[in-house]
Amino acid sequence: MSLRSIGVGAGVRRMVRRERTEKHRASTPLELFFDLCFVVAVAQGGSQLAHAFAAGHGWNALPHYLFVFFGVWWAWMNFTWFASAYDTDDVPYRLATFVQITGALIFAAGVPRMFEGRIAVAVLGYVVMRTVMITQWLRVASASDGPERVMGLRYAGGIALCQCLWVVAVLLPHRVQVWVLLPVVLLEMLVPLFAERRYATTWHPEHVSERYGLFTLIVLGETVSAATVAVQSGVNGHGDLGKVLPIAAGGLLVCFSAWWIYFARPIHDYLRSNRQAFVWGYGHYFVFLSAAGIGAGLEAAVEHAVGEAHLSDTGAAAVVTGPTALFLFTVWAIHARHNKHGAVQMLLLPVTALAVLVATLVGGGAAVLTAGLLCAVATAVGLVLHLREDGAGQPG
C-alpha cells in the first residue's frame, strides 16, 4: 500500500517555498488540529488566572499569565507563518507537527506550576516546540541556496540560541530568573526580524489571515465555554440565578460583539509586506490575550456574585471590563481601522473601549451587563454605517 493511498501525501518532499499568489489556499486539517491542541494551554492559563483573581491575588498572578500566553502565542505564531510559506504536508512535516503538539501539551501541564513560580515543566514543553522549528528551518536551508538558505540558517541558529538561554534560566535561582526571562523573550521576538532582513518568506496573505481568524474563533469559543461552566457551577452550588444572569447575558453580548467586530471585513488585502504583517501578527498577542482574559474575568465575576471570591464590586467588574476594552482597542489599532472611513467609523471602537472602562465604576454583575450592552450598541452602529457605505457605493 502506497503512502498516497492512505492519505499521507508524499513520503518526503524537498521543502521549497510555496508561492504567495497560490490560488484557493486554505487552512489544512493538520493546522486546525494543531490549534485545538494549543488551546488546551490557553484554557489552563485562563483557569489559573480566574482562580487567582477569585482568591484575591490576581494582580500578582498577572505576570505569570502574560508569560504563559507568550509561550502559547509565540510557538503558535511561528508555526503558522512557517506553514504558510513552507507546508510540504509530507511525512516528516506531519511528524514534526505532532511533536510540536506534544510540546504544547507538556507546556499546558506545566502552567499550574508556572503560576507557583516553578517554570521547569513549562519551559521543557516550550523548548520541545521550538526545537522542532529548528529542524524545519534546517530543512529549508538544505533545500535552498543564496539568501533563502542564509535566512533558514539564521532562523535555526537564532531559535537554537534562545532555547539554550531558556534552559539556563531554569537552572538559575528563582529571584534571578525574571531578569533573564524578559531579555530572552525580547530576543525570541527579534529572531524573525534578523532572519528575514534580506529575504522575506513567501507567506500567503489569505492563508495567514484565515489562520489568525480561526485561532481567534477558538479562543473566543474557549471563553464562552469557561463562562458557561462558571455560570453552571454558580447556579448549581447556590441556586441564585438572579445574581449570575446579568454576568451571563453581558458576557455573551461581549463575546458575540467581539466576533462580529473582528470579522466585520477581511484583512488580507492589507497584508502586503513584512512591515505590515509583523505589526499585525505581533499585535495579535494582545487580541488573543484579551479574548482569553474575558473568559477568566467572567469566571471570577461569577464566583464574586455567589460570594466565593475575595473581590470588591469594582474588582469583579474590572476583571471583565479591562480585557474587553483591551480587545476592542487592539482590534481597532491593528485590524479594523484599516477598513474605516470617516470620523465616526474611525473613533467608534476606541470610544467604546473607553466607555467600557468607565462602566467598571458601576461594579459587579451590573457592570458586566453594561459592558455587554455597550459592545452590542457599538456593533449595531458599526453595522449601520457599514451598510450605508456599501449602499452609497452601489450604482443608482
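Keep in mind that this is a model prediction, so the values were computed, not measured.

1. Quick notes on the overall build of the protein chain
Per the secondary structure count, the protein chain includes 13 helices and zero strands. When the helices and strands of the protein chain are listed from N to C terminus, the series reads α-α-α-α-α-α-α-α-α-α-α-α-α. Over its C-alpha trace the protein chain gives a radius of gyration of 22 Å, about what one expects of a compact globule, namely 21 Å for 396 residues. Looking at the protein chain as a whole, 52% of its 396 residues are labelled buried. Across the protein chain, the fraction of contacts at a sequence separation of at least 24, relative to all contacts at a separation of at least 6, is 81%. The averaged location of the 23 negative side-chain charges in the protein chain is 9 Å from the averaged location of its 26 positive side-chain charges.

2. Focus: the packing of aromatic side chains
Overall, the coordinates contain 33 aromatic pairs when judged by the stated rule. An angle of 25° between the planes, with centres 3.9 Å apart, marks the rings of F34 and F79 as stacked. In this pair, F34 sits in helix 1 (residues 29–54) while F79 sits in helix 2 (residues 58–86), placing the two residues 45 residues apart along the sequence. F79 matches F34 in its accessibility class, with the two residues each being buried.

3. Thoughts on empty space enclosed by the protein
To find the voids left in a structure, one rolls a probe of water-molecule size over its atoms. Applying the stated criterion across every chain, the model contains two cavities of 30 Å³ or more. Reported here for the largest cavity is a volume of approximately 220 Å³. Lining the largest cavity we find 20 residues, and of these W81, Y155, P192, E196 and F278 sit closest to its centre. Of all the secondary structure elements, the ones that give two or more residues to the lining of the largest cavity are helix 2, helix 5 (120–142) and helix 10 (274–305). The element that contributes the greatest number of residues to the lining of the largest cavity is helix 2, accounting for seven residues.

4. Digging into helix 9 (residues 241–262)
Relative to the 32 Å expected for 22 residues at 1.5 Å per residue, helix 9 spans 31 Å between its end C-alpha atoms, a close match to the ideal helical length. Residues V244, I247, G250, G251, V254, C255, S257, A258, I261 and Y262 constitute the buried set of helix 9. Down the axis of helix 9, the buried set is contained in an arc of 165°. They therefore lie on one face. Looking at helix 9, the residues exposed on the side facing more than 90 degrees away from the buried face are G242 and F256.

5. Regarding the nonpolar core
Within the largest apolar cluster, 115 residues are counted, with the highest numbers of intra-cluster contacts made by F107, W137 and W166. Tallying contributions element by element places helix 2 first for this core, with 18 residues. The contacts of W137, once residues within four sequence positions are left out, are F82, Y86, M151, G152, Y155, A156, I159 and T201.

6. Focus: the environment of Y212
Tracing the backbone through its elements, the reader meets Y212 in helix 8 (residues 205–238). Judged by relative accessible area, which is 0%, Y212 ranks as buried. In this structure, the C-alpha to C-alpha distance between Y212 and W332, residues 120 residues apart in sequence, is 15 Å. Discounting chain neighbours no more than four positions away, the residues touching Y212 are W76, M77, T80, W81, Y262, W280, G281, H284 and F288. A distance of 2.8 Å separates a polar atom in the side chain of Y212 from a polar atom in the side chain of W81.

7. Notes on the packing of helix 3 (residues 91–109) against helix 5
At a minimum axis separation of 6 Å, helix 3 and helix 5 run at an interaxial angle of 160°. Classified by the interaxial angle, the pair formed by helix 3 and helix 5 is roughly antiparallel. Crossing handedness for the pair helix 3 and helix 5: left-handed. Residue-level inspection shows P92, Y93, A96, V99, Q100, G103, A104, I106, F107 and A109 of helix 3 in contact with helix 5, the latter providing V121, A122, L124, G125, Y126, V128, M129, V132, M133, Q136 and R139. Taken together, the residues of the contact of helix 3 with helix 5 break down into 16 nonpolar, four polar and one charged.

8. Notes on unusual backbone geometry
With glycine set apart, most residues show a phi of negative sign, and most peptide bonds adopt trans. You will see that H24, though not glycine, has its phi angle at about 55°, which is positive. Summarising the element assignment, H24 is placed in the segment before helix 1. On the basis of relative accessibility, which here comes to 81%, the residue H24 falls in the exposed class. Despite not being glycine, D89 shows a phi value in the positive range, around 55°. Inspection of the secondary structure assignment puts D89 in the loop between helix 2 and helix 3. Taking relative accessible area as the criterion, D89 reaches 28% and is therefore assigned partly exposed.

9. Digging into the pattern of salt bridges
A full pass over the atoms with the stated rule returns eight salt bridges. Here R211 and D35 are joined by a salt bridge, their closest N and O atoms 2.5 Å apart. With R211 in helix 8 and D35 in helix 1, the pair connects residues that are 176 residues apart, well separated along the chain. Judged by its relative accessible area of 0%, R211 falls in the buried class. Of the charged contacts, one joins D90 and R139 as a salt bridge, the two residues approaching to 2.8 Å between their closest N and O atoms. One end of the pair, D90, is in the loop between helix 2 and helix 3; the other, R139, is in helix 5, and 49 residues separate them in sequence. D90 gets classed as buried once you look at its relative accessible area, which sits at 0%. For R139, a relative accessible area of 18% gives the class buried. One continuous salt-bridge network, built from bridges that share partners, spans E31, D35 and R211.

Conventions we followed
- Residues numbered from 1 in each chain as written.
- Predicted model: local features only at pLDDT ≥ 70, side-chain atom pairs only at ≥ 80, totals over all residues.
- Heavy atoms only, no water.
- Helix = DSSP H or I, 4+ residues; strand = E, 2+ residues; numbered from the N terminus.
- Rg over C-alpha atoms; globule rule 2.2 N^0.38 Å.
- Buried < 20%, exposed > 50% of the residue type's maximum accessible area, 1.4 Å probe, protein only.
- Contact = heavy atoms within 4.5 Å.
- Lys, Arg positive; Asp, Glu negative; His and termini not counted.
- Charge placed at Lys NZ, Arg CZ, Asp CG, Glu CD.
- Phe/Tyr/Trp six-rings, centres within 6.5 Å; stacked < 30°, edge-to-face > 60°.
- 1 Å grid on protein atoms, 1.4 Å probe; cavity = no way out; pocket = protein on both sides within 12 Å on 5 of 7 lines; lining within 4 Å.
- Points joined across faces, edges and corners; volume = space filled by probe spheres on them.
- Expected span 1.5 Å × (residues − 1).
- Arc of directions from axis to C-beta.
- Core = buried A, V, L, I, M, F, W, Y, C linked by side-chain atoms within 4.5 Å.
- Polar contact = N/O pair within 3.5 Å; in protein donor to acceptor, adjacent residues only side chain to side chain.
- Axes fitted to C-alpha atoms, helices over the stretch in contact; angles between N-to-C directions.
- Parallel < 35°, antiparallel > 145°, perpendicular 65-115°, else oblique.
- Left-handed = near helix turned anticlockwise from the far one by under 90°.
- Nonpolar A, V, L, I, M, F, W, Y, C, P; charged D, E, K, R; others polar.
- Salt bridge = Lys/Arg side-chain N within 4 Å of Asp/Glu carboxyl O.

Limitation: the analysis is restricted to geometry and does not speak to function.
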